[in-house]
Amino acid sequence: MSFLKALGIALGLGLAGGAAAEDRAPPAPKLVVAVAVDQFSADLFAQHRRHFSGGFARLAGGAVFPSGYQSHASTETCPGHSTILTGARPARTGIIANMWVDPSAAREDKNIYCVEDETVPGTTSARYEVSFAHLKVPTLGDRLKALSPASRVVSVSGKDRSAVMMAGRGADEIWWWKGTQFMSLAGRPVPSAVAGANRAAQDRLAKARPPSRLPDACRPFDVAVPIDGDLSVGRGRLAHAAGDRVRYVATPEADAAVLDLAAQFVKDMKLGRGPATDVLALGLSATDYVGHYYGTAGAEMCIHLLALDGLLGRFFTALDRGGIDYVVALTADHGGHDVPERNRMHGVAEAQRTDGALAASRVGPLLAAELGLKGPVLYGDVAGYGDFWIDPALDAAQRESVLARAVAFYGAAPQVAAVLTRAQVLAAEVPRTPPDTWTLAERVRASFDPARSGDFVVLLKPRVTPIPSSARPTIATHGSPWDYDRRVPILFWRRGLSGFEQPLAVETVDIVPTLAAMIGLPLPEDAVDGRCLFGC
Ligand code: ZN
């Protein structure tokens, strides 16, 4: 769509609700509901799809892209969420990981959390002040508000990094679950919707959760898988003790709390019933915790997803009752990978765990001893993959030797697929080809920011889980450049939209251009990495 045509729709329809545009496009929806289901992989959607009868089933009757891609290598929550409502890959959003290292940071803690502001005195990456400081691009909500200040933007999530990345700086309300309550940016007043949501969630959390009933559809998943010691997964029912805030977040009730708060905001703020299009961003985080604690292919995940399907159905029905013309775009921030123990039972003999020997804190001292250097030498992920930084206190020649030695060390490690230096990554073009055809260097390039990323990047082999079996409660994870972590469903639904399914690969960065066309929001040339998928 041309800029002028888009502007015409924006002024004529989307934002003023006036006369028909030249192509008789349907009027813009009044509410954009963007849903990120954390760790909801394309594989989970495929495995459970035939049993959905609620919200997921409704969306599966819309425009369905079962092979969407979080196309970049760093398949973590913060980078993934940063793509969904910006239309930009992490290389452009600046959100290269959940946590990165800035060896030159002024404070003692050199780890930088993606939604903190490390320049606030007295903070650390664990005790931080939530901030938009690291997000380098505007969100859909920011762009919409710049054009139509009457538009409202609300973001509610189970995690701060999800709420921040989907909201944008101009959000009217931004709330996330933390510990025992919904929190917001410092100094924000607490609306009655949040006070009520906190009371309800705290009441729920204070009680022990009884085991869920096992739906018939989940019986095939109900198989015990021994992990380590006395830990076994697969037959869980998501029960938890009274006050157990760690297990609470891995239950459908945690997602229900987010949806209930969002529904209250819709009601109180009359979202979708104002003069302009509003944006409601939802981060449903429980699926991710279920995947991390129990793996992706047990009864636990099945029970949770069928419950979430019901909760989403209830949420959409409430919007229907309110007579709101809304469009839903649902996707995930990354995919996921099952526990290696169950993968081995199910035909993947090479599934394995790392033992921690590749961590920067273990390898740094080895290199220091070998090269006669002092100091940490290497900074990087404790799990031994992703970005690594060479101590900037070393001189150029020393840094060269550390880089050469580190590349050789990691390159020879049996669980490592590839080591890419900064120069090798930057030599790769930011790809314009379909994401399922990308090289490893192209995947890394898509989440590489020269100002923040490491001196080299380590990629583990497929089916290697970077967590020892003794870890608790997280025993499974995502974060790899492999398709089980990159592929996510992308589903659009609006009343009256002719449904179709496109099995070819598209990207989550395509969501914003698609929604922008629908609501008549012009996007500046080259402002996004994605493209409009339909109705353009
Ligand atoms: Zn996530």
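Refer to the structure above for everything that follows.
Definitions and cut-offs
The written sequence of each chain sets the order in which its residues are numbered from 1. Where local features are concerned, this predicted model is filtered to residues with pLDDT of at least 70; where side-chain atom pairs are given and counted, the filter is 80 or more; whole-chain, interface and lining totals use all residues. Here the side-chain values reflect all heavy atoms present in the structure, with hydrogen atoms and water set aside. The helix and strand labels rest on DSSP assignments: H or I over at least four residues marks a helix, E over at least two residues marks a strand, and numbering proceeds from the N terminus. The atom set for the radius of gyration is the C-alpha atoms, and the globule formula is 2.2 Å times the number of residues raised to the power 0.38. The classification of residues rests on relative accessible area computed with a 1.4 Å probe and restricted to protein chains. Under 20% of the type maximum is buried, over 50% is exposed, and intermediate values are partly exposed. A 1.4 Å probe and the Shrake-Rupley method give the accessible areas. Residues count as covered only by the protein chains that appear here. A residue counts as positive if it is Lys or Arg and as negative if it is Asp or Glu; His and the chain ends are not included. To locate a charge, the coordinates of NZ of Lys, CZ of Arg, CG of Asp or CD of Glu are taken. Sites may look incomplete because water is not among the atoms; the donors themselves are N, O and S atoms within 2.8 Å of the metal, or within 3.2 Å for Na, K and Ca. We define a salt bridge as a contact between a side-chain nitrogen of Lys or Arg and a carboxyl oxygen of Asp or Glu at a distance within 4 Å. By this rule the span expected of a helix is its residue count minus one, scaled by 1.5 Å. It is the directions from the helix axis to the C-beta atoms that the arc portrays. The contact criterion used throughout is that any non-hydrogen atoms of two residues lie within 4.5 Å. Whether two strands pair depends on DSSP finding at least two bridges between them. In plain words, nonpolar cores are sets of buried Ala, Val, Leu, Ile, Met, Phe, Trp, Tyr and Cys residues tied together by side-chain atoms within 4.5 Å.

Observations concerning the overall build of the chain
No. 1: A count of helical and extended segments in the chain gives 19 helices and 20 strands.
No. 2: For 536 residues, the compact-globule estimate of 2.2 N^0.38 gives 24 Å, and the chain sits close to it at 23 Å.
No. 3: Summarising its shape, the C-alpha atoms of the chain cover approximately 75 × 55 × 45 Å along the three principal directions.
No. 4: Within the chain, buried positions represent 60% of all 536 residues.
No. 5: Total accessible area computed for the chain in this model is approximately 20,400 Å², and 54% of it derives from carbon and sulfur atoms.
No. 6: For the chain, the distance from the average site of its 55 positive side-chain charges to the average site of its 56 negative ones is 5 Å.

A closer look at unusual backbone geometry
No. 1: Going from Arg472 to Pro473, the amide bond is cis rather than trans, its omega being -10°.
No. 2: By the secondary structure assignment, Pro473 is in the loop between β17 (464-465) and α18 (483-486).
No. 3: The backbone phi angle of Gln39 is positive, close to 70°, even though this residue is not glycine.
No. 4: Relative to the helices and strands, Gln39 is located in the loop between β1 (31-37) and α2 (42-48).
No. 5: Although it is not a glycine, Val377 sits at a positive phi angle of roughly 65°.
No. 6: Looking at the secondary structure, you find Val377 in the loop between α14 (360-371) and β13 (378-380).

Looking at the coordination of the zinc ion
No. 1: In this structure, Asp38 (OD), Thr77 (OG1), Asp333 (OD) and His334 (NE2) serve as the protein donors to the zinc ion, at separations of 2.0 to 2.1 Å.
No. 2: By relative accessible area, Asp333 is classed as buried at 0%.

Details of the pattern of salt bridges
No. 1: Under the criterion given, the structure shown has 24 salt bridges.
No. 2: Here Asp222 makes a salt bridge to Arg237, at a shortest N to O gap of 3.0 Å. Of this pair, Asp222 sits in the loop between α8 (192-206) and β8 (225-228) while Arg237 sits in the loop between β9 (231-233) and α9 (245-248); the two residues are 15 residues apart in sequence, bridging distant segments of the chain.
No. 3: Here the residues in one salt-bridge network are Asp38, Lys159 and Asp288, joined through shared partners.

Notes on α8
No. 1: The end-to-end C-alpha separation of α8 is 21 Å, in line with the 21 Å expected for 15 residues at 1.5 Å each.
No. 2: Listed in full, the buried residues belonging to α8 are Ala193, Val194, Ala197, Asn198, Ala201 and Leu205. For α8, the angular spread of buried residues about the axis comes to 125°, placing them on one side. Exposed and facing more than 90 degrees away from the buried side of α8 are Ser192, Arg199 and Ala206.
No. 3: Where α8 is buried, its residues touch β6 (173-178), β7 (181-183), α9 and α10 (252-268).

Re the pairing of strand β15 (residues 416-421)
No. 1: The buried fraction of β15 amounts to 5 of the 6 residues, a majority that puts the element mostly inside the structure.
No. 2: As defined by bridge partners, β15 adjoins strand β16 (residues 456-460) across 5 bridges and the pair is classed as antiparallel. Along β16, the bridge assignment pairs Thr421 with Phe456.

Topic: the nonpolar core
Soluble globular proteins: nonpolar side chains tend toward being buried together.
No. 1: Judged by nonpolar contacts, the single largest core of 73 residues is most densely connected at Phe40, Phe182 and Leu282.
No. 2: Among the elements that take part in this core, helix α12 (residues 299-321) stands out by supplying 12 residues, more than any other.
No. 3: Residues in contact with Phe40, not counting those within four places in the same chain, are Phe45, Phe52, Phe56, Leu305, Leu330, Ala332, His334, Val488 and Pro489.
No. 4: Among the nonpolar cores identified, the runner-up in size contains 56 residues, and Val130, Ala167, Leu185 and Phe534 belong to it.

A few points about helix α7 (residues 160-167)
No. 1: Of all 8 residues making up α7, 8 are buried, and the element is well covered by its neighbours.
No. 2: All of the buried residues in α7 are Asp160, Arg161, Ser162, Ala163, Val164, Met165, Met166 and Ala167.
No. 3: Residue Gly168 follows α7 closely and has a positive phi angle near 85°.

Overview of the pairing of strand β5 (residues 153-157)
No. 1: The buried count for β5 comes to 5 of 5 residues, which makes it a mostly enclosed element.
No. 2: Burial along β5 is two-sided: Val153, Ser155 and Ser157 and Val154 and Val156, pointing in opposite directions, are all buried.
No. 3: Pairing of β5 with strand β10 (residues 278-284), which is carried by 5 bridges, proceeds in the parallel orientation. Within the sheet, the bridge partner assigned to Val154 lies in β10 and is Leu280.
No. 4: Where β5 and β6 come together, 4 bridges link them in parallel fashion. From the neighbouring strand, Val156 faces β6, where its bridge partner is Trp175.

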